[in-house]
Amino acid sequence: MSVPMLVHEGHASARRFFTRANARSYNSVVRVATFGQDFAWKHEIINAVGSSKSVLELACGTGVLSSMLVVTDKTVVGIDLTFEYLQASRRELHAVIAQGTAEVLPYRNESFDAVASSYMAKYVDLQRVVDECWRVLRPGGVAVFHDFTYPSGVTRSLWDAHFAVLRLAGRLVTSWRMVFEQLDDLIKNSDWIDQTKSALHSRGFRNVDCRYYTAGTAGIVSAEKP
Ligand SMILES: C[S@@+](CC[C@H](N)C(=O)[O-])C[C@H]1O[C@@H](n2cnc3c(N)ncnc32)[C@H](O)[C@@H]1O
């Protein structure tokens, strides 16, 4: 399936970062680079998804979150921009997956109880994604967005030091070099939390909620379609 062309600077970053060369190592790298917090954050996403039966995961990548959702007895559909990441997920994932972009979803109106994403918000046109979430969600459905945030205070120095180490690691593991060299700036310059909240409010979502985790290094924004 061909992916529609959309002009958004986040797409260029996503295309540079996620490649055939690093698809197979993604699951291990995200676990190690977040000191295992990825697993805890994904559990929080699942809590926010709640009792929803059918879940669409945007930017599902290699299917880490999708497989956790499947285990909780949900019907899961995943979509991602990067074919090689979807390919890396195929063997073990019991979810229907498609290649495509989160801004133009190939699904019918009101076809899901929840739409969730992890580490996608900083790469996308959030207003368009929120509009699409509204369209594909049933009334009462929930939208859940998770991504990294740049912490303040003491944690900020530790966070900066962590990325300095990752940058060095990128010199050895060349398939991750570009990610480890550029991800920190992308996170620092992203105001995805405010943009998501404002897009959700303006589209008419209610109960817009924002929570921070692990000393402000990640956040989850969730909301309900009335
Ligand atoms: C860091 S990976 C996260 C994968 C997965 N969500 C997880 O938590 O492990 C980011 C993913 O976002 C995808 N992505 C970026 N922009 C996208 C877009 N506009 N539409 C769909 N997927 C996108 C990339 O292809 C990549 O697989």
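Because the structure is a prediction, the values reported are computed rather than measured.

S.K.: How should the overall build of the protein chain be read in this particular structure?
M.R.: A count of helices and strands for the protein chain gives ten helices and seven strands. With respect to the three principal axes, the spread of C-alpha positions in the protein chain is 45 × 40 × 35 Å. Burial status across the protein chain gives 40% buried among its 226 residues. In the protein chain, 68% of the contacts between residues at least 6 apart in sequence involve partners at least 24 apart.

S.K.: Whenever I open this one, the site of the ligand confuses me. Can you help?
M.R.: In the vicinity of the ligand there are 21 residues, among which Ala14, Ala59, Gly61, Thr82 and Ser118 approach most closely. Within the residue set of the shell around the ligand, elements represented by two or more residues are α1 (9-17) and α5 (64-71). Split by residue class, the shell around the ligand holds 14 nonpolar, five polar and two charged.

S.K.: What exactly am I supposed to notice about the pairing of strand β6 (residues 206-213) here?
M.R.: Regular strands place side chains that alternate from one sheet face to the opposite one. The pairing of β6 with strand β7 (residues 218-224) spans six bridges and is classified as antiparallel. Bridge assignment links Asp209 to a residue of β7, and that residue is Ser222.

S.K.: Is there a simple way to explain the packing of helix α4 (residues 37-49) against α5 in this structure?
M.R.: The angle between the axes and the distance between the axes are what describe a pair of packed helices. The N-to-C vectors of α4 and α5 enclose an angle of 50°; their axes lie 10 Å apart at closest approach. The pairing of α4 with α5 is recorded here as oblique in orientation. The two elements α4 and α5 cross, and the hand of that crossing is right-handed. Between α4 and α5, the residues in contact are Lys42, Ile45 and Ile46 and Val64, Leu65, Met68 and Leu69, respectively. When grouped by side-chain class, the residues that make up the contact of α4 with α5 number six nonpolar, no polar and one charged.

S.K.: Looking at this model, I keep getting lost on α5. Mind explaining?
M.R.: At 3.6 residues per turn, the α-helix brings residues three or four places apart onto the same side. Buried within α5 are the following residues: Val64, Leu65, Ser66 and Leu69. Among the structural elements, α3 (26-33), α4, β1 (54-58), β2 (75-80) and β4 (112-118) are those in contact with the buried residues of α5. Directly after α5, the chain includes Asp73, whose backbone phi takes a positive value near 75°.

Scoring rules and cut-offs
Residues numbered from 1 in each chain as written. Predicted model: local features only at pLDDT ≥ 70, side-chain atom pairs only at ≥ 80, totals over all residues. Helix = DSSP H or I, 4+ residues; strand = E, 2+ residues; numbered from the N terminus. Buried ≥ 20, exposed ≤ 12 C-beta atoms within 10 Å, placed from the backbone. Contact = placed C-beta atoms within 7 Å. Near = placed C-beta within 6 Å. Nonpolar A, V, L, I, M, F, W, Y, C, P; charged D, E, K, R; others polar. Pairing = 2+ DSSP bridges. Axes fitted to C-alpha atoms, helices over the stretch in contact; angles between N-to-C directions. Parallel < 35°, antiparallel > 145°, perpendicular 65-115°, else oblique. Left-handed = near helix turned anticlockwise from the far one by under 90°.

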